[in-house]
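In case you want the letters, here they are:
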2 protein chains.
Amino acid sequence: MVTLYDVASQAGVSIATVSRVLHGHGAVREDTRVRVRAAIDDLGYVPDGAAQSLARNRKDVIGLVCAEHSGLKPDQYDIESMSLMFYDEVMRGVEARIRERNLSLLITFLREDETLGAPEPEGGPVDARLRELSGKVDGLLIGEGILAPAALAKHARRMPLVVIAGDTGQKGTDMVSADNWSGARALAEHLIVDHGKRRLFHIDGPVTAPDAAARRTALQEVVDANPGTVVVGTYTGRFSVASGQVGTERLLAAGGPLPDALFCANDQMAIGALHALAAVGIRVPQDIAVVGFDDIFPASLCDPPLTTVHQPIRKLGERACDRLIARIADPAMRTKLELLPTELVVRSSCGCPPGPARRREVTPVPRRRPVAVTALAAVTVGAGAAAAKSPLLPTTER
Amino acid sequence: MVTLYDVASQAGVSIATVSRVLHGHGAVREDTRVRVRAAIDDLGYVPDGAAQSLARNRKDVIGLVCAEHSGLKPDQYDIESMSLMFYDEVMRGVEARIRERNLSLLITFLREDETLGAPEPEGGPVDARLRELSGKVDGLLIGEGILAPAALAKHARRMPLVVIAGDTGQKGTDMVSADNWSGARALAEHLIVDHGKRRLFHIDGPVTAPDAAARRTALQEVVDANPGTVVVGTYTGRFSVASGQVGTERLLAAGGPLPDALFCANDQMAIGALHALAAVGIRVPQDIAVVGFDDIFPASLCDPPLTTVHQPIRKLGERACDRLIARIADPAMRTKLELLPTELVVRSSCGCPPGPARRREVTPVPRRRPVAVTALAAVTVGAGAAAAKSPLLPTTER
DNA sequence: ATTGGTCTTGTAAACGCTTACATTCTCGGC
DNA sequence: GCCGAGAATGTAAGCGTTTACAAGACCAAT
């Protein structure tokens, strides 16, 4: 291994001088600089990262902790696994930022069996992995749902840490999330206000999922805000295609009039619903509208193409990274939650005419306390949306 | 920051002893061990990775260098971008191995504008990034097509390095690739031997792509080996949906009898072909068969589902990682190329009946010099395949 | 020549760990 | 009680940087 000493002796200077020309810090006479550069090139010297970290007292490395969905067969993609791409996209966002600042990115996947399928309380293997990691990085980016909020907060106290797509209710930890709530509102309003749907069936996500909660609340609020509208039933799914299908089959088996629309908590379940409906010959969107959430890739491919809400995943990574870097620079900074706007993606499963997807960024709706929302929404939000005459409806298109 | 010294003084021992209980190396009396452990937990001590690396003279980090396809709009998946998932999958394979051995994974994406769209000769920005990286890792995994073979070989001489999906012709560098050649042979044989297709049109990949070359050669060999079979034309595409579409339109515009099959060098182009065919009402597979390569996710979703060849991408990552670790342990080891078997995925675009995909691992065909192949293949391979009566044909299914 | 200032360069002390070697305990056998 | 062999522990020398500080070189002004 070539070290500073080798370069120094080859160039006939001290290691301090070599270090200086390497970083352009102190003043170095032109001819010395040239000599040193020559020696560096000649020997093919590359500074040792570990020694630099030790001397500088920073690693210039940030860690990204992802949850791996292990049900997936290696080397086989399927619709379920599309949610996996979430982290791939986050990673690209993070990496872009990292690189601009000449840092490095350390990746760790946590398998589902490690995370116990549910956020780990504390002291478990994930906790240990995180501690171990903390010796190698300046800060950590961690996905939601991997560690229980309490454990997360504990780690955040010991090292710079920001949570990606975290529970927006949780305070005291830096977080960057998509504005699920406003996105779901926009989607519900599109269905209710723009399309005049009145009787909605809700295929909900797991009760433990914070994003499902946000979407659920938003739907309920929009329904409450629009008299005459009602959620005729709810099925609690598990975010999988199969559960969306089962939920729909249950609905159909129960008999009674078909609801106007199926509001699914994610695209996978919406796709499941589409399957179930197609199986019994119910036409979408003529007989019933179906909408999803997330805008996973197959959403644009299914029949009919799915109206959904797109999340700014890559941006999530970028912002989380920015936040982390800020936190590293100033550990005393106030923690905060940052909500990124989502995008309403209108295709044809909602009843809009077929054609290329129409996209509209959802302006964040300021969130009020539950009581206030119900009261105000009837006036403010409902009326506002109606007055604005959504640019996504066929009549206003173009 | 809590250091060994803090723990040592808290436990009333020397730092050497703390280090010993930390790693269970030397003998430590039970009560001391307990005292030290208590101090560690108490202070929340975590060893500093940089200091460890420096002292141990190894980083326990390996780097993965991926090429990013920059044409992609952030946050929007499309068919083209599915090839991007290649690295995501490789990464998972690598990470799995890395973790078993308690190493860390450092990720770097190279954007297309950095890689100049083509393998960089030497001394360019990628070269510099790689050198820089080499100070932070014990070894590097790098994707094919990022750096020109010569530059790659130069780096390989300076540090442990293995190429993923590299040009299988290149020697002197460790490489792990999928057996494109055997996969393409199997696919071509399925079309020609099993389905009796005689007149094939080839939608080829770019001349610069080594994997396209392997597939091209394989096709030609199978054609040569089967008298009466002919490649009626070739269009050189660019691996994109659009180029597949254009190629097919050209073919149609040229008039003349329709070939029996379209042999596309990747799935994206096959999907483009499907579009072009559907646009003029030509039915697949009744009027013409179409096959792709890679088995990207949309291949199973398009109409009809695409018969193609699946690559063991995750395994590629695993094996490359294993190889790198071996190389790090023994820098003098002979370099070698490892070919991983591919899988023939039969859906219905080839003319097989619809239904779930039938998969069959392709046994590697020993590669002979061009002359020998042509001579022997007519007997060995052709006859062999016919005798075996492919288990994928409808008649032999089930 | 001396002085004082600016440039340029060198010296040496960290940084936090591992580990070879030295030292001190402990204890059974005498 | 003393010896010697392990066992347990401590000491200190690295590992390759960065950087504060010291020192030397050079030059203009005195």
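This write-up is about the structure you can find in this document.

The rules behind these values
Residue numbers here run from 1 along each chain, matching the order of that chain's written sequence. Note on labels: chains are lettered from A, ligands numbered from 1, in written order. In keeping with the predicted nature of the model, local features appear solely for residues at pLDDT of at least 70, side-chain atom pairs appear and are counted solely at 80 or more, and the whole-chain, interface and lining totals rest on all residues. Side-chain measures here rest on the full set of heavy atoms in the structure, leaving out hydrogens and waters. The rule for a residue being near a molecule or strand is that one of its heavy atoms must lie within 4 Å of it. Side-chain atoms alone can form a polar contact between residues adjacent in sequence; in general such a contact is a pair of N or O atoms within 3.5 Å, and within protein one must be able to donate a hydrogen while the other accepts it. Helix numbers and strand numbers start at the N terminus; a helix is a DSSP run of H or I with at least 4 residues, a strand a run of E with at least 2. Throughout this entry, Asp, Glu, Lys and Arg are counted as charged residues, while Ala, Val, Leu, Ile, Met, Phe, Trp, Tyr, Cys and Pro are counted as nonpolar. The remaining residues, Gly among them, count as polar. The term nonpolar core refers to a set of buried residues drawn from Ala, Val, Leu, Ile, Met, Phe, Trp, Tyr and Cys, joined through side-chain atoms within 4.5 Å. When a residue's accessible area, from a 1.4 Å probe over protein chains only, is under 20% of the maximum for its type it is buried; when over 50% it is exposed; and in between it is partly exposed. Here, two residues are considered to be in contact whenever any of their heavy atoms come within 4.5 Å of each other. Whether two aromatic rings pair depends on their centres lying within 6.5 Å, for rings of Phe, Tyr and Trp, where Trp uses its six-membered ring; planes under 30 degrees apart make the pair stacked, over 60 edge-to-face, and the rest tilted. For two strands to be treated as a pair, DSSP must find at least two bridges joining them. To define axes, lines are fitted to C-alpha atoms, for helices over the stretch in contact only, and angles between the resulting N-to-C directions are given on a 0 to 180 degree scale. For a helix, the expected span equals 1.5 Å multiplied by the residue count minus one. Comment: arc refers to directions from the helix axis out to C-beta atoms. Each angle is binned into one of four classes, with values under 35 degrees roughly parallel, values over 145 roughly antiparallel, values of 65 to 115 roughly perpendicular, and all other values oblique. The handedness of a crossover follows from its direction of travel: if, with the strands pointing away from the viewer, the path from the first strand over the helix to the second runs clockwise, the crossover is right-handed.

Here the focus is the protein's contact with DNA strand D. Near DNA strand D, the surroundings consist of 29 residues, among which S19, H23 and Y45 of chain A together with S14 and T32 of chain B are the closest. With respect to DNA strand D, the side chain of Q52 of chain A contributes an N or O atom lying 3.1 Å from a phosphate oxygen. Between T17 of chain B and DNA strand D, the recorded distance is 3.0 Å, taken from a side-chain N or O atom to a phosphate oxygen. Residue assignment for the surface near DNA strand D shows that the elements contributing at least two residues are α1 (4-11), α2 (15-23) and α4 (49-56) of chain A together with α2 (15-23) and α4 (49-56) of chain B. Residues that form the surface near DNA strand D fall into these classes: 16 nonpolar, nine polar and four charged.

Membership of the largest hydrophobic core comes to 82 residues, with the highest contact counts inside it found for L64 and L141 of chain A together with L64 and L141 of chain B. Contacts of L64 of chain A, omitting those with residues within four sequence positions, involve V90, M91, L105, L106, I107, T108, L141 and I164 of chain A. Counting residues in hydrophobic clusters, the runner-up holds 57 residues, among them A299 of chain A together with F201, Y235 and C264 of chain B.

To continue, consider the packing of aromatic side chains. The geometry of an aromatic ring pair is captured by two quantities: the separation of the ring centres and the angle between the planes. Residue and element names in this part refer to chain B. Per the counting criterion, the structure on display carries three aromatic pairs over all chains. Note on F86 and Y87: the rings are 5.2 Å apart at their centroids and 85° apart in plane angle, and the pair reads as edge-to-face. Among the residues examined, F86 registers a relative accessible area of 18% and is labelled buried.

Here we come to the sheet that holds strand β9 (residues 289-291) of chain A. Residues and elements named next belong to chain A. Pairing is parallel across the open sheet formed by four strands, whose spatial order is β7-β6-β8-β9. Edge positions in the sheet fall to β7 (230-236) and β9, since each has one partner strand and no second. Ignoring strand direction, the axes of neighbouring strands in this sheet form an average angle of 20°. Contacts from helix α9 (residues 180-194) reach β6 (199-204), β8 (261-264) and β9, with the element oriented near 175° to β8. Packed on one face of the sheet, helix α10 (residues 210-225) meets β6, β7 and β8 and runs near 170° to β6.

Let us now look at helix α3 (residues 30-43) of chain B. All names here are of chain B. Under the 1.5 Å per step criterion, the end-to-end length of α3 is 20 Å for 14 residues, consistent within 8% with the ideal 20 Å. Those residues of α3 not exposed but buried are T32, V36, A39 and I40. The arc enclosing the buried residues of α3, seen along the axis, measures out at 100°, which places them on a common side. Exposed residues pointing more than 90 degrees away from the buried face of α3 are listed as E30, D41 and D42. The secondary structure elements touched by the buried residues of α3 are α1 (4-11) and α2. Two residues or fewer past α3, G44 is found with a positive phi of approximately 65°.

Residue and element names in this part refer to chain A. It is the contact of α2 with helix α3 (residues 30-43), at a shortest axis distance of 10 Å, that shows an interaxial angle of 90°. Taken together, α2 and α3 sit at an angle that is classed as roughly perpendicular. Between α2 and α3, the residues in contact are T17, V18, V21 and L22 and T32, R33, V36, R37 and I40, respectively.

Next up on the list: the pairing of strand β6 (residues 199-204) of chain B. Residue and element names in this part refer to chain B. The buried fraction of β6 amounts to five of the six residues, a majority that puts the element mostly inside the structure. Bridge count for β6 against strand β7 (residues 230-236) is six bridges, and the pairing is parallel. From the neighbouring strand, H202 faces β7, where its bridge partner is T234. The parallel pair β6 and β7, bridged by helix α10 (residues 210-225), forms a crossover whose chirality is right-handed. The pairing of β6 with strand β8 (residues 261-264) spans four bridges and is parallel. Across the sheet, residue H202 finds its bridge partner in β8, namely F263.

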